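One-letter residues, chain by chain:
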Amino acid sequence: MGEEMKESIYNITVSDTPSAGWKTIYNLLTKEYVCIRNDIQLNDSLPESYIQSLLHKGILILDSSEDYEKACSEYEKMCNSDVLSLTVFLTGVCNCKCTYCYETPWKIDDLKNPEVLSQRILDELNSRGLRKVFISFFGGEPLLNIPAIYRIAGLLHQNLQDRFSFSIVTNGTLLSDKDITAWLKLGLESIKVTVDGARNIHNGRRPYKNGNGTYDTIINNLAAISGRLPIIINIVLDQGVTDISGLLNDLTEQGIKAEFDLSFRDPLYLSDEEKSNLIVFFSEELKRRGFVQHSAISHPHGAVCMRKQLNSYGCTDTTIYGCIGNLDSVLDVTGDFKSKEHIQFPYRCKDCKYLPICFGGCVDKNDCNRSLFEIMVPALLKVYIVRA
C-alpha cells in the first residue's frame, strides 16, 4: 500500500467473521465490506486491482481529509433533501393505553382543515422548488381520523400524482383491507405497526383503554393486508420484552410478510452493554427466522435528526414542529412552514468512527452513543455478515 493511502477511520474490523480464520472490514460510511484472511494487513503488498477495489469501496482512502469531507457531503445531502417530508398529526386521541406512551405530556388537537393544510403543502413544495412530498400520518392513533387521510392524500395525489407518497404509523387495531385498497391508489407506500413481542407481553404493554388485549386484532388485520404493501413491525425494547418467538410463529402461520424495526424505549435506564445485548439477541432471532430488521447499522443505516433536516417538519393544520421527538419544538402556530437554520453536527463528532451512523444524534438531548456503538456495532456485524 502506497504511503499516500491509509485505512478509513470509518472501518470496523471483526475477526473470525464470517468464519474462522477470516475477518470482515466494513465501512460505516460507504456501507461496503470485504472479507480477507485474519493474517493479511491492508499495509501489506496487495495486488493493484485489489487496492483499486478497496479505494472504490472507501475502505482505503488517499488522504486523511477524504473521510471527513465525504461524511460532511453525505450529511449535507441528508439535511438538504429535495423531498418535503412531513409527519402529519391527525389527532391526539388514541384507542389504546400503552404503558410507555411518550405523547402523554403534550396535547395534540385534531386536524380539522385538511384542505387548508393540503394547499399549504402544495404552496411550500412549489416555493422551495422541491421534487416531491412524502407524508407520514401519525397520532395519537391516526386511523381515528380516517376522513382526513382520504382528503389530504386525495388532494395531493390529484395535484402531484407520483410526486406524492405517504405512510401510516398506526397501532394496527383499525386497519382494514378496504381502506388499504383505496389508499394504495393514492400513493400509500407502507405501514408501520408496533407489536411488542409475544401475545401476553404485547397485551400487557399495549392494551385497549378498557384493558382488553389488542394483539389478536392486530395480527388478524395484518394477515388481511399482507403482501399488498410493505409492513414494518416496530418492537419497543426494554427489559419487559423477553420473547418474540410467539410473534414470529404467528406471523409465519398467518403468512404475514413483514420487516422489523427494533427501537429502545425512551428513556431506558439500562447500561450500554445491556442495551446492546437486547438488540443483538433479537437481531439474531430475526435473522435465524428469515426476517429483515432495520436497527442501528442494519440496512439502511445513517440518519439525521429531524431538527437538522431543512425540509422536514411535524405538523397539524395550525402548528408546525421542528421535530416530532420533542413537541416543545414549535416553530409556528399559524401553519407557516418557517425556514429552519442549518445545524452542524457537534465538533466532538469530527473524528468519531461512528459519525456515519448518527451524525451527532439528537439536537435536544445532545447525547453521545459512542460507548454503545463500540459494543453493539461489531456484534451486529457478526449477525449481518453471516446472513450476507
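Rules used in this analysis
- Residues numbered from 1 in each chain as written.
- Predicted model: local features only at pLDDT ≥ 70, side-chain atom pairs only at ≥ 80, totals over all residues.
- Heavy atoms only, no water.
- Helix = DSSP H or I, 4+ residues; strand = E, 2+ residues; numbered from the N terminus.
- Expected span 1.5 Å × (residues − 1).
- Buried < 20%, exposed > 50% of the residue type's maximum accessible area, 1.4 Å probe, protein only.
- Contact = heavy atoms within 4.5 Å.
- Salt bridge = Lys/Arg side-chain N within 4 Å of Asp/Glu carboxyl O.
- Pairing = 2+ DSSP bridges.
- Arc of directions from axis to C-beta.
- Polar contact = N/O pair within 3.5 Å; in protein donor to acceptor, adjacent residues only side chain to side chain.
- Axes fitted to C-alpha atoms, helices over the stretch in contact; angles between N-to-C directions.

Q: Just to check I follow, could you spell out helix 4 (residues 146–160) for this structure?
A: Every α-helical turn comprises 3.6 residues, leaving residues that sit three or four positions apart pointing alike. For helix 4, with 15 residues, the first-to-last C-alpha span of 21 Å sits near the 21 Å given by 1.5 Å per residue. Turning to helix 4, its buried residues are Ile146, Ala148, Ile149, Ile152, Ala153, Leu155, Leu156, His157 and Leu160. Against the buried residues of helix 4 lie strand 6 (83–89), helix 3 (114–128), strand 7 (132–138), strand 8 (164–170) and helix 5 (177–184). Looking one or two places after helix 4, you find Gln161, whose phi comes out positive at around 55°.

Q: Just checking my understanding: could you explain the pattern of salt bridges for this structure?
A: Between side chains of opposite charge, a pair can form when the charged atoms approach closely. Summed over the entire model, instances satisfying the criterion amount to 20 salt bridges. Of the charged contacts in the structure, one is a salt bridge between Glu124 and Arg128, with a shortest N-O distance of 2.7 Å. Of the two residues, Glu124 and Arg128 are both situated in helix 3; the distance of 4 residues between them amounts to about one turn of the helix. You can call Glu124 buried: its relative accessible area is 13%.

Q: Whenever I open this one, the environment of Leu372 confuses me. Can you help?
A: As for its placement among the helices and strands, Leu372 is situated in helix 11 (residues 370–387). A relative accessible area of 5% places Leu372 in the buried class. With 224 residues separating them along the chain, Leu372 and Ala148 place their C-alpha atoms 41 Å apart.

Q: Got a minute to help me understand the environment of Leu270 in this structure?
A: Positionally, Leu270 belongs in the loop between strand 11 (259–264) and helix 9 (272–288). By relative accessible area, Leu270 is classed as buried at 18%. Spatially, the C-alpha atoms of Leu270 and Asp317 are 38 Å apart, while their sequence positions differ by 47 residues. Aside from chain neighbours lying at most four places away, what touches Leu270 is Gln239, Lys275 and Leu278.

Q: I'm lost on the environment of Lys257 in this one. Help?
A: Here Lys257 lies in the loop between helix 8 (245–254) and strand 11. Residue Lys257 is classed as exposed on the basis of its relative accessible area, which comes to 63%. With 32 residues separating them along the chain, Lys257 and Ile225 place their C-alpha atoms 9.6 Å apart. Excluding residues that lie within four positions of it along the chain, Lys257 makes contacts with Ser226 and Ile231.

Q: Help me understand unusual backbone geometry, please; the structure alone is not making it clear to me.
A: The phi torsion of most residues other than glycine is negative, and most of the peptide bonds are trans. Look at the link from Thr17 to Pro18: it is a cis peptide, with omega at 15°. Mapping Pro18 onto the fold places it in the loop between strand 2 (11–14) and strand 3 (22–27). One non-glycine residue with positive phi stands out, namely Lys31, at about 60°. Within the secondary structure, Lys31 is located in the loop between strand 3 and strand 4 (33–37). The class of Lys31 is partly exposed, set by a relative accessible area of 37%. The phi dihedral of Asn366 falls on the positive side, at around 50°, and the residue is not glycine.

Q: How do you make sense of the sheet that holds strand 12 (residues 312–315) when you look at a structure like this?
A: Strand pairing in a sheet is mediated by backbone hydrogen bonds. Such pairs are either parallel or antiparallel. Spatial strand order, 11-10-9-8-7-6-12-13-14: 9 strands in an open sheet with mixed pairing. Strands with a single pairing partner mark the edges of an open sheet, and in this sheet they are strand 11 and strand 14 (330–332). Examined bridge by bridge, strand 9 (residues 188–194) and strand 10 (residues 231–237) share 4 bridges and lie parallel to one another. Across the sheet, residue Ile191 finds its bridge partner in strand 10, namely Ile231.

Q: Looking at this model, I keep getting lost on the side chain of Ser118. Mind explaining?
A: Along the chain, Ser118 falls in helix 3. What makes Ser118 buried here is its relative accessible area of 2%. Contact partners of Ser118, with chain neighbours within four places excluded, come to Ile152, Leu155 and Leu156.

Q: Any chance you could explain helix 8 here in plain terms?
A: Every buried residue of helix 8 is accounted for by Leu247, Leu248, Asp250 and Leu251. Each buried residue of helix 8 lies within a common arc of 160° when the element is viewed along its axis, so the set occupies one face. Following helix 8 by one or two positions, Gly255 has its phi on the positive side, about 70°.

Q: Got a minute to help me understand the side chain of Ser329 in this structure?
A: Along the chain, the position of Ser329 falls in the loop between strand 13 (320–321) and strand 14. Taking relative accessible area as the criterion, Ser329 reaches 8% and is therefore assigned buried. Among the polar contacts listed, one links the side chain of Ser329 to the backbone oxygen of Cys323, at a separation of 3.0 Å. Not counting residues within four places of it along the chain, the set of residues in contact with Ser329 comprises Arg307, Ile320, Tyr321, Gly322 and Cys323.

Q: Help me understand the sheet that holds strand 4, please; the structure alone is not making it clear to me.
A: A sheet is described by the order of its strands in space; here 3 strands give the open sequence 2-3-4, paired in antiparallel fashion. The open sheet is flanked by strand 2 and strand 4, the only strands paired with a single partner. Neighbour to neighbour, the strand axes of the sheet diverge by 20° on average, direction disregarded. Direction of pairing for strand 2 relative to strand 3: antiparallel, over a ladder of 4 bridges. Residue Ile12 lies in a different strand from strand 3, and its bridge partner there is Tyr26. In this fold helix 1 (residues 48–57) packs onto strand 3 and strand 4, with an angle of close to 145° to the strand it touches most, strand 4.

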